[in-house]
Amino acid sequence: MSTVDSEVASLLINLHGVFENEKKDGGLYTSFFELNKGNKMIFNYCIGPAGSGKTTLIATTYNYLTEKYKELRIITVNLDPGVRNLPYTPHIDIRDYILLEEVMERYGLGPNGGLVAATDMIIDSIEDLKFEISEYNNPDVVLIDTPGQMELFAFRNTGPMVVSSLGYGDVQKVVSFLFDPTICRHPSGYISTMFLAGSVLYRFANIPQINVLSKSDLLEPDILERVLAWSEDYDKLFLATDKTERGLVRELDSGISEIFERLQNFPRLLSVSSLEFTGIEEYWGAIQRTLNFDESPYY
Ligand SMILES: Nc1nc2c(ncn2[C@@H]2O[C@H](COP(=O)(O)OP(=O)(O)O)[C@@H](O)[C@H]2O)c(=O)[nH]1
Ligand SMILES: [Mg+2]
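## Things to note about the overall build of the protein chain
Each helix and strand in the protein chain was counted, giving 14 helices and seven strands. Residues classed as buried in the protein chain amount to 41% of the 299 residues present. Long-range pairs, those at least 24 residues apart, make up 77% of the contacts in the protein chain with a sequence separation of at least 6.

## Some words on the confidence of the model for the protein chain
Here the protein chain averages 84 in pLDDT, while 82% of its residues score no lower than 70. Mean pLDDT across the secondary structure elements of the protein chain bottoms out at helix 1 (residues 3-17), with 40, and peaks at strand 3 (residues 92-93), with 98. Segment residues 1-21: pLDDT under 50, and 27 contacts once partners within four positions in sequence are set aside and those in other chains are kept.

## A word on the site of ligand 1
What surrounds ligand 1 is a group of 15 residues, the closest being Gly53, Lys54, Thr55, Thr56 and Leu275. Grouping the amino acids of the shell around ligand 1 by side-chain chemistry returns three nonpolar, nine polar and three charged.

## Remarks on the pairing of strand 2 (residues 74-78)
In this structure, strand 2 lies alongside strand 4 (residues 141-145), joined through five bridges in parallel fashion. The partner of Thr76 across the bridge, within strand 4, is Leu143. Where strand 2 meets strand 3, two bridges bridge the pair, whose relative direction is parallel. Bridge pairing links Asn78 to Asp93 in strand 3.

## Re the environment of Gly198
Summarising the element assignment, Gly198 is placed in helix 10 (residues 187-203). Taking the C-alpha atoms as reference points, Gly198 and Phe177, 21 residues apart in sequence, are found 9.8 Å from one another.

## Side note on the environment of Ile92
Mapped onto the fold, Ile92 is located in strand 3. Judged by the 20 C-beta atoms lying within 10 Å of it, Ile92 is buried. Not counting the four nearest positions on each side in its chain, Ile92 is found in contact with Ile75, Val77, Leu129, Glu132 and Ile133.

## A word on the environment of Thr241
Tracing the backbone through its elements, the reader meets Thr241 in the loop between helix 12 (234-240) and helix 13 (247-262). Distance from Thr241 to Tyr190, taken between C-alpha atoms, is 9.9 Å for residues 51 residues apart in sequence.

## As for the nonpolar core
If you look at the biggest cluster of nonpolar residues, it comprises 65 residues, and the most contacted ones within it are Ile47, Val142, Val200 and Val212. In terms of residue count, the dominant contributor to this core is helix 10 (seven residues). Once residues within four sequence positions are removed from consideration, Ile47 is found in contact with Thr146, Met150, Phe153, Ala154, Val175, Ser176, Phe177 and Val200.

## Quick word on unusual backbone geometry
You will see that Asn138, though not glycine, has its phi angle at about 50 degrees, which is positive. Residue position: Asn138 is located in the loop between helix 6 (126-135) and strand 4. At Lys215, a residue that is not glycine, the phi angle is positive and equals roughly 50 degrees. Relative to the helices and strands, Lys215 resides in the loop between strand 6 (209-213) and helix 11 (221-230). When the 23 C-beta atoms within 10 Å are taken as the criterion, Lys215 is described as buried.

## Here's the deal with helix 14 (residues 280-288)
The set of residues buried in helix 14 consists of Tyr283, Trp284, Ala286, Ile287 and Gln288. On its buried face, helix 14 sits against helix 2 (32-35), strand 1 (41-47), helix 3 (54-68), strand 5 (171-179), strand 6 and strand 7 (269-271).

## Thoughts on the pairing of strand 6
Counting buried positions along strand 6 gives five out of five residues, so the element sits mostly inside the fold. Side-chain alternation along strand 6 places Gln209, Asn211 and Leu213 on one buried face and Ile210 and Val212 on a second face that is also buried. As defined by bridge partners, strand 5 adjoins strand 6 across five bridges and the pair is classed as parallel. Its bridge partner being in strand 6, Val175 is matched across the sheet by Gln209. With three bridges joining them, strand 6 and strand 7 adopt parallel strand pairing. Paired with Val212 across the two strands is Leu270, which belongs to strand 7.

Calculation notes
- Residues numbered from 1 in each chain as written.
- Chains lettered and ligands numbered in written order.
- Predicted model: local features only at pLDDT ≥ 70, side-chain atom pairs only at ≥ 80, totals over all residues.
- Helix = DSSP H or I, 4+ residues; strand = E, 2+ residues; numbered from the N terminus.
- Buried ≥ 20, exposed ≤ 12 C-beta atoms within 10 Å, placed from the backbone.
- Contact = placed C-beta atoms within 7 Å.
- pLDDT = per-residue confidence, 0-100.
- Near = placed C-beta within 6 Å.
- Nonpolar A, V, L, I, M, F, W, Y, C, P; charged D, E, K, R; others polar.
- Pairing = 2+ DSSP bridges.
- Core = buried A, V, L, I, M, F, W, Y, C linked by C-beta atoms within 7 Å.

Rendered as structure tokens:
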């Protein structure tokens, strides 16, 4: 095994663990508290391309869980300094500390530069955010919405720094990575999103990752089934790739299918629709099953 292979394998051990907490009969634990023996707070970070449905999924998950599991204490945190309107009222809001318009004005930046600077500044507010969370007195679940443009959060220093320093005490962190269905309906879009998901996995190493196909209502049932099948059988993905592709792209298609095939534990896709309220219970099940598999460092 090459060094890269073994590094990937060691990351994926944690992911494999994600599915080990299922009950022997294949069902879910009946109660969160039954499963959560270590009394951990779950910090769930929603990460994904712009428009993939992160914010809406936070709102839907919050509404669903608070309605269905009244005993759970759940809070929402908005980490997007540039968002105008939110479909939920965050318990904790980065906009109380950083406002995109103010950053743009103060530093003479346009919207793009402003967003980069504002997202980088999140780290300066980390102690305030920690304090605010502590005021909620150990909630069971903290749902965290991240900046619209994922690269500002995941591929600069902010995301990994925030994720490693925000948790305190007994915390289980989990990353929910969203696949946008309009991109993933085609094999090439699916493969490029797999690359993104893999990059996020590397950026937040040792944190369990759930791969979510969001907005699943936008796919016709047969296309949805086909996309989900690709995440379980990469041969099918390769067979679906465009036969007219030539040269490097074709070689990449085949090489990538092989890599994914070898990475048996790369998390399967879970389909969710915030609009139609489908898949949310399964998503909550996947979040719970990450409990006790966080080996990330804590600062
Ligand atoms: N059809 C459909 N649209 C959705 C769903 N979830 C979000 N959207 C829409 O997708 C757009 C982007 O959603 P948003 O949550 O803001 O994405 P974010 O940029 O990742 O936070 C908005 O217009 C949402 O109304 C869904 O489950 N189904
Ligand atoms: Mg958003």
